[in-house]
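Listed here are the chains, written in short residue letters.
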Amino acid sequence: MIRSVVRGTGAALPRRIMKNADFEGMVETSDEWIAQRTGIRQRHIAADDETTASLGEAAARAALADAGLTPDDIDLIVLATSTPNNTFPATAVEIQNRLGMHHGFAFDMQAVCSGFVYAVTTADLYIRGGLAKRVLVIGSETFSRILDWSDRSTCVLFGDGAGALVLEAGEGAGTIADRGVLAASLRSDGVHKDKLFVDGGPSTTGTVGHLRMEGREVFKHAVGMITDVIEATFSAAGISAADLDWFVPHQANKRIIDASAKKLGIAEQKVVVTVDLHGNTSAASVPLALSVAVADGRIKKGDLVLLEAMGGGFTWGAVLVRW
Ligand code: ACO
């Protein structure tokens, strides 16, 4: 059977690093509060000339270089983002043009922090359905543009950045020993909309709006939703937590990551954590964490890797990949 195999990874971060202490003169907060409640120590913030498209392009170029491929080899670009450069056209098409790619097709996916998990699952179906052989899957965000910088309960949590994977069609035997995407499980439930949303949009206010979140409410649902969808993925693949080599969760809050890993019985040393360095970069958080763990040699060919995310909507999902 056809499997979607990871050929390359890449990442891009804005030049400017903002430390927790940099908020102390802006809102009533402290490095200690932010680090203790979230695990975040710093985040990257995009300058005017750094956009979702430019960061996404840089991450895509890095993933292509890692794969030893060029844009000519790609059939499809799927970009996960909630902070597109424009309402339309899709920022994926802008990235396609920036890469000098004038064949194939490109589109955006919007599932907020779960965007990358949705995008990998979608790319896998295009590959297995025979519509594409090589896909660039990108998560790129500039959440700094939609933050209310006077709201201490949200502005300290998010950062900007991008990460990318190249997925390529390969032959598999149909077992979990195959390399590639092995199983996935996606969920959403709009009943939770008001707990995490942006208070603007083209069809309502005609403005971009700002992020609004009832953090405590999101936290309350997060661990249960994350562990449910992971258990569904384990059962689809016929594996258990003990079989995993690496757990690469969405990087929103270290306490949510720790509680989820504990509930699932995933050992602490198998959990990739980058929330301290990047903050919550929404759809970019999982591919950014992946690129860090691949670059430092933790994730290696043949490893069993579990990706997971939960975010606005609510949306949530998990993907199991043999690297
Ligand atoms: N600095 C200092 N104090 C603060 C800050 C801050 N930056 N922000 C809030 N506080 C205060 C609150 O006002 C509150 O004060 P009060 O008790 O006087 O009312 C107190 O700290 C405690 O607030 P809580 O909201 O209860 O704090 P909590 O421990 O829940 O931590 C947090 C807040 C970090 C937001 C947490 O709830 C969280 O991580 N939630 C989940 C967020 C998440 O995972 N989002 C994922 C998806 S994101 C996406 O999809 C875009």
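Residues numbered from 1 in each chain as written. Predicted model: local features only at pLDDT ≥ 70, side-chain atom pairs only at ≥ 80, totals over all residues. Heavy atoms only, no water.

A few points about the domain arrangement of the protein chain
Next up, step 1: The domain architecture assigned to the protein chain consists of domain 1 (2–171) and domain 2 (180–322).
Next up, step 2: Computed from C-alpha atoms alone, the centre-to-centre distance between domain 1 and domain 2 is 14 Å.
Next up, step 3: The interface is formed by 50 residues belonging to domain 1 together with 47 residues belonging to domain 2.
Next up, step 4: Together domain 1 and domain 2 conceal approximately 3,600 Å² of surface at their shared face, both sides included; 66% is due to carbon and sulfur atoms.
Next up, step 5: Contact with domain 2 buries surface across domain 1, with Cys113, Val117 and Ile146 losing the most and accounting together for 17% of the total.
Next up, step 6: Joining domain 1 to domain 2, the criterion identifies one salt bridge.
Next up, step 7: The salt bridge involving aspartate 148 is made with arginine 212; its shortest N-O contact spans 2.9 Å.
Next up, step 8: The tally of links from domain 1 across to domain 2 stands at 20 residue pairs in polar contact (both at pLDDT 80 or more).
Next up, step 9: Those elements giving two or more residues to the side of domain 1 that touches domain 2 turn out to be strand E1 (2–12), helix H1 (31–38), strand E3 (42–45), helix H4 (115–128), strand E6 (134–142) and strand E7 (160–171).
Next up, step 10: With eight residues, E1 is the largest single contributor of residues to the side of domain 1 that touches domain 2.
Next up, step 11: For the side of domain 1 that touches domain 2, a count of residues per class yields 22 nonpolar, 19 polar and nine charged. (Domains from an automatic or database assignment. Contact = heavy atoms within 4.5 Å. Buried area = accessible area lost by both parts, 1.4 Å probe. Salt bridge = Lys/Arg side-chain N within 4 Å of Asp/Glu carboxyl O. Polar contact = N/O pair within 3.5 Å; in protein donor to acceptor, adjacent residues only side chain to side chain. Helix = DSSP H or I, 4+ residues; strand = E, 2+ residues; numbered from the N terminus. Nonpolar A, V, L, I, M, F, W, Y, C, P; charged D, E, K, R; others polar.)

Quick notes on the sheet that holds strand E12 (residues 304–311)
Next up, step 1: The sheet built from four strands is open, its strands ordered E8-E13-E12-E11 with mixed pairing. The strands lining the two open edges of the sheet, one partner per strand, are strand E8 (180–188) and strand E11 (246–249). The mean angle between the axes of side-by-side strands here comes to 10°, regardless of whether they run parallel or antiparallel.
Next up, step 2: Judged from the eight bridges that link them, E12 and strand E13 (residues 315–322) form a sheet pairing that is antiparallel. Across the sheet, leucine 306 pairs through a bridge with leucine 320, a residue of E13.
Next up, step 3: The strands touched by H4 are E8, E12 and E13; relative to E8, the strand with the most contacts, the crossing angle is about 125°. (Pairing = 2+ DSSP bridges. Axes fitted to C-alpha atoms, helices over the stretch in contact; angles between N-to-C directions.)

Observations regarding the packing of helix H2 (residues 52–67) against helix H3 (residues 91–98)
Next up, step 1: Where H2 meets H3, the axes come as close as 9 Å, and the angle between the chain directions of the two elements is 55°. The angle between the axes of H2 and H3 places the two elements in the oblique class. The interaxial crossing formed by H2 with H3 has right-handed handedness. Residues Thr52, Ala53, Ser54, Gly56, Glu57 and Arg61 of H2 lie in contact with H3, whose contacting residues are Thr91, Glu94, Ile95 and Arg98.
Next up, step 2: In terms of residue class, the contact of H2 with H3 is made up of two nonpolar, four polar and four charged. (Parallel < 35°, antiparallel > 145°, perpendicular 65-115°, else oblique. Left-handed = near helix turned anticlockwise from the far one by under 90°.)

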